[in-house]
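Secondary and tertiary structure notes
The residues making up each chain are set out below.
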Amino acid sequence: MAKINFKKFVECVCDVLTFITALVCVIIAICAMLVADAVALFAYPVYATLAPRKAADIDSISGWIGFEWLEDMCELKHNISWPFSWLNMVLHFMDAVVIALLGWVTAWTAPMKIRFWFIDAVNLHKPHIQKKYFQMSDEGGKINLIKYGHLQKDVLLELFRENHEPFIKAGKVEDDWFLALGIEEIIRYSQLHTLGAYKMKAMLNKADEPRIAGEVTRVIRLNGLSVEVINWFHGNIRQERSAYQTIKSALKDHEQAVTVLALQTGEQKDADKFVEYIRLNHGLGKYAQKAMSKYQYMTFHKEGYKLEAEVVNSKLRDVAKDGFSSKSAHFIPMFVEYKEIAADNEVAKDLIASSEVLTKMVYA
């Protein structure tokens, strides 16, 4: 009677059991994936509607639902026997195909505010498809594609040359493209977006043009200039140019307004500094005059200075618009007391006549 090798028998039985167990696990995984795919057909479009940005980043069912064991089963690519390798290929295909299909459908059929997030789902690395996708988008979709999409630089440049407008609205005009914009486009870009150093320098260099000068003045009054731009300005803008005077005047307005606001602490030392400051500057420009507090204005008047008509009219407009709740309302009685509303100020007269609140405050 032949002697049975018990060790080999046990190993054989273990191998068979392991094979059966592994096969059962893969089959269970495939069944689970079938269920997940069926659910995804209905759940994923809803998710893509509610959270398109997150949905567009999903590339597999297992990754979306967060089942690590299912992800592990999909990634068994090495050191497995042929039946399992074939089953794993099937499982891996099932894991990705539904998301890829739904992503593609969403990219081409969903509302534009959703579909642009799915740009990668339709093989948009091909330039002609990128252009087609961009051209079929509405204005909001084009802006979002420029801001968030994965369009190639060459495609973006070609699209920019065809139409500047969506790039201006998106705030994605490259520095070397900025010089190609027209005057009105430069102004509109500046009004919509904060300018970097390169773009600010380009605007300063064009400030001899009256329309650009007006926008440069507005920007500098509001934000001043960075040290880098200041240094460039003194090295590149000649003093005989009108741009030089425009920029210097705007910088002075900004400096005065910032100083006036900084001295509005209510402390006596700052009140004394304010008196010293307006004496040193022989008054204040209209931009700084608009920034004065009630008490600074009283001091300004005591020092013998008068407001410019434009400042008076600005305060009157505020009150005409917002009524007694306006921040400028407490200035109106002082305007009357200090005779700030000049007899020849026709704008002020019309504002007062058209506003019941102003009429009561001025003639009460």
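For the structure, see preceding data.
Residues numbered from 1 in each chain as written. Predicted model: local features only at pLDDT ≥ 70, side-chain atom pairs only at ≥ 80, totals over all residues. Heavy atoms only, no water.

The next subject is the packing of helix α14 (residues 210-223) against helix α16 (residues 242-262). For the pair α14 and α16, interaxial distance at closest approach is 8 Å and the crossing angle is 30°. With respect to α16, the element α14 is oriented roughly parallel. Read as a crossing pair, α14 and α16 show a hand that is right-handed. Residues Ala213, Val216, Thr217, Ile220, Arg221, Leu222 and Asn223 of α14 form the contact with α16, whose participating residues are Thr246, Ile247, Ala250, Leu251, Asp253 and His254. Across the contact of α14 with α16, the residue classes tally to seven nonpolar, four polar and two charged. (Axes fitted to C-alpha atoms, helices over the stretch in contact; angles between N-to-C directions. Helix = DSSP H or I, 4+ residues; strand = E, 2+ residues; numbered from the N terminus. Parallel < 35°, antiparallel > 145°, perpendicular 65-115°, else oblique. Left-handed = near helix turned anticlockwise from the far one by under 90°. Contact = heavy atoms within 4.5 Å. Nonpolar A, V, L, I, M, F, W, Y, C, P; charged D, E, K, R; others polar.)

The phi dihedral of histidine 282 is positive, around 55°, even though this residue is not glycine. Among the secondary structure elements, histidine 282 is positioned in the loop between α17 (268-280) and α18 (286-291). Relative accessible area serves as the criterion here: at 67%, histidine 282 is assigned to the exposed category. Located in the positive-phi region is lysine 339, a residue other than glycine, with phi close to 55°. Among the secondary structure elements, lysine 339 is positioned in the loop between α21 (332-337) and α22 (346-354). What makes lysine 339 exposed here is its relative accessible area of 65%. (Buried < 20%, exposed > 50% of the residue type's maximum accessible area, 1.4 Å probe, protein only.)

Inspection of the secondary structure assignment puts glutamine 289 in helix α18. Note on glutamine 289: relative accessible area 3%, which makes it buried. One polar contact links the side chain of glutamine 289 to the main-chain amide nitrogen of glutamate 308, over a distance of 3.0 Å. Setting aside chain neighbours within four positions, we find glutamine 289 in contact with Leu284, Phe300, Lys306, Leu307, Glu308 and Val311. (Polar contact = N/O pair within 3.5 Å; in protein donor to acceptor, adjacent residues only side chain to side chain.)

Here the focus is the environment of lysine 54. As for its position among the elements, lysine 54 is in helix α2 (residues 52-56). Once the C-alpha coordinates of lysine 54 and tryptophan 117 are considered, the two residues, 63 residues apart in sequence, prove to be 8.9 Å apart.

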